[in-house]
Amino acid sequence: MSSPAGGPPLAALQDLGPRLFDWGWVSNNLTDEIIPALQGHIFLSFVSVTIALLISLPTGILVSRYRKAYPPVTFVTGLLFSIPSLAAFALLVSLPGIGLGWQPVVIALVAYSLLVLIRNVVAGIDSVPEETKDAARGMGLTPRQILFKVELPLALPVIVAGVRIATVTIIGIATIGAYVGGGGLGDLIFTGISRNFPTRVIVGAVLATLLAIIADLLLLAVERYLRPWARERRA
Amino acid sequence: MGELFAVFGRDDFLSQLLVHVELSVVALLIGVAIAMPIALATFRSPFWAAVAINTGNIGRAVPSLAILALVFPLLGFGFTPSLVALTLLAIPPILINASTGLSQVNPQVIDAARGMGLSKGQILRGIQLPIAAPVIFAGIRTSAVQVVASATLATFVGGGGLGDLIVLGLQRNDPAVLVGGSLTIAVLAIITELTFGLLERTFTPKGLLVARKRRGK
């Protein structure tokens, strides 16, 4: 039987409140935990955006030609986009042949990117002026040449704008993927919560936020670089 | 299939659903109550409007799990910390859309209104707000869908909601609970998306629809 005053030193220390941030932990775990989590996160996001782009480019090009397919495609991808991520991960995990790991995470992240990417591919191609295409046709370019040499290069800034939105979204959602074994920065957040160790949570959350903001700014720079005509107009 | 329906009969199902809806609705309402006055106060000055929009953009880049997780060391576990986090998540989309929508109203239209002798308040209520309404409602819709989805994550900081069922299903390896919980959340999010889409169309002034049709969009 010990009274509440029984273990004074420890209890008194705990009454001071948990330390919010432990720099010692950060320097001790930088190379074996924090950096691998960051790398895993970047890899997971990069792979997902790349796969999504490989699906969205051809789909977007096809849909911009066969206009009737556009509303159903946006409807389906819009539905996919509105499924909350934790629910999507959980549903994928329960499917036979998938289970825990990075697979359900990548599948869900790809599905989430499709709406924005396809929409921007189509909007990019639509933004090419009819006169420009007429001029290309007049120069004797085949439809295939027009697509690759005129339409896609001119659509590129809009497509990159879509990649930018998709990347930022995916970096955020990937943190939740750690709950079903996807790894990455979410691991730090979840273990921090379950061990009641705020430092882990703060490191994971702040790095994920910084990663999203840096990716956003980098892709914005790419987008501006690809729009030389807009730069000239401003100058 | 029968097992799946048993999930909806669970004692905790209805209460988790109610907590989920309560978290989302209250967070969205507070979010609107914070974002709209800021947008209204800043949109007339290009500088402050840009500050509001850029702050909103940075806010949108912050992962939802990060916001919930960062609130936990400061405010602890439970309903209120989750509500605070969800409110923070609700603000940026509304702020961005309200600011851009209000500041992009054609200046010539406003000049014309001024010429007709309308006061600032009349121009705001009669012209700027109605013209910006579709954009503002699109922001509220984005925000609502995001809040409903992120309320699922409240389970990790003890806020309750339907996320509890997903976590329970994963921990006990009970596919029925997992699938039942996930499907309910997905349906809730889709209902939110469709309802707010309808609201958006309802609040689009008829004149704008006519103009849009004329431009062939």
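Time to look at the overall build of chain B. Broken down by element type, chain B carries ten helices and zero strands. Reading chain B from its N end, one meets helices and strands in the order α-α-α-α-α-α-α-α-α-α. With the principal axes as the frame, chain B shows a C-alpha extent of 70 × 40 × 25 Å. Counting only contacts in chain B whose residues sit at least 6 apart along the sequence, the fraction spanning at least 24 positions is 75%.

If you check helix 9 (residues 175–202) of chain B, its first and last C-alpha atoms are 40 Å apart, about what 28 residues at 1.5 Å a residue would give, namely 40 Å. Buried within helix 9 of chain B we find Val177, Leu178, Val179, Gly180, Gly181, Ser182, Thr184, Ile185, Ala186, Leu188, Ala189 and Thr192 of chain B.

The next subject is the confidence of the model for chain B. When pLDDT is averaged across chain B, the result is 88; 97% of the residues are at 70 or more. With pTM at 0.82, the complex prediction returns an ipTM value of 0.78.

Here asparagine 196 of chain A, not a glycine, exhibits a phi torsion of approximately 55°, which is positive. Examined against the element boundaries, asparagine 196 of chain A turns out to sit in the loop between helix 8 (185–194) and helix 9 (198–225). Here asparagine 196 of chain A falls in the exposed class, since 12 other C-beta atoms lie within 10 Å of it. Residue asparagine 173 of chain B is not a glycine yet carries a positive backbone phi of 55°.

This next bit is on the packing of helix 4 (residues 85–94) of chain A against helix 8 (residues 163–171) of chain B. Interaxial distance between helix 4 of chain A and helix 8 of chain B falls to 10 Å at its minimum, and their mutual angle equals 25°. Classified by the angle their axes make, helix 4 of chain A and helix 8 of chain B are roughly parallel. Crossing of helix 4 of chain A against helix 8 of chain B: the hand is left-handed. Of the residues in helix 8 of chain B, those touching helix 4 of chain A at Leu86, Ala87 and Ala90 of chain A are Gly163, Ile166, Gly169 and Leu170 of chain B. When the residues that make up the contact of helix 4 of chain A with helix 8 of chain B are grouped by side-chain class, the tally is five nonpolar, two polar and no charged.

Moving on: the nonpolar core. Phe89 of chain A together with Leu68 and Ala69 of chain B are the most contacted members of the largest nonpolar core, which has 118 residues in total. Examining the composition of this core, we find that 15 residues originate from one element, helix 5 (residues 102–126) of chain A, more than from any other. Every residue in contact with phenylalanine 89 of chain A, bar those within four places of it in the chain, is listed here: Pro104, Val105, Ala108, Ile176, Gly177, Tyr179 and Val180 of chain A.

The rules behind each value
- Residues numbered from 1 in each chain as written.
- Chains lettered and ligands numbered in written order.
- Predicted model: local features only at pLDDT ≥ 70, side-chain atom pairs only at ≥ 80, totals over all residues.
- Helix = DSSP H or I, 4+ residues; strand = E, 2+ residues; numbered from the N terminus.
- Contact = placed C-beta atoms within 7 Å.
- Expected span 1.5 Å × (residues − 1).
- Buried ≥ 20, exposed ≤ 12 C-beta atoms within 10 Å, placed from the backbone.
- pLDDT = per-residue confidence, 0-100.
- Axes fitted to C-alpha atoms, helices over the stretch in contact; angles between N-to-C directions.
- Parallel < 35°, antiparallel > 145°, perpendicular 65-115°, else oblique.
- Left-handed = near helix turned anticlockwise from the far one by under 90°.
- Nonpolar A, V, L, I, M, F, W, Y, C, P; charged D, E, K, R; others polar.
- Core = buried A, V, L, I, M, F, W, Y, C linked by C-beta atoms within 7 Å.

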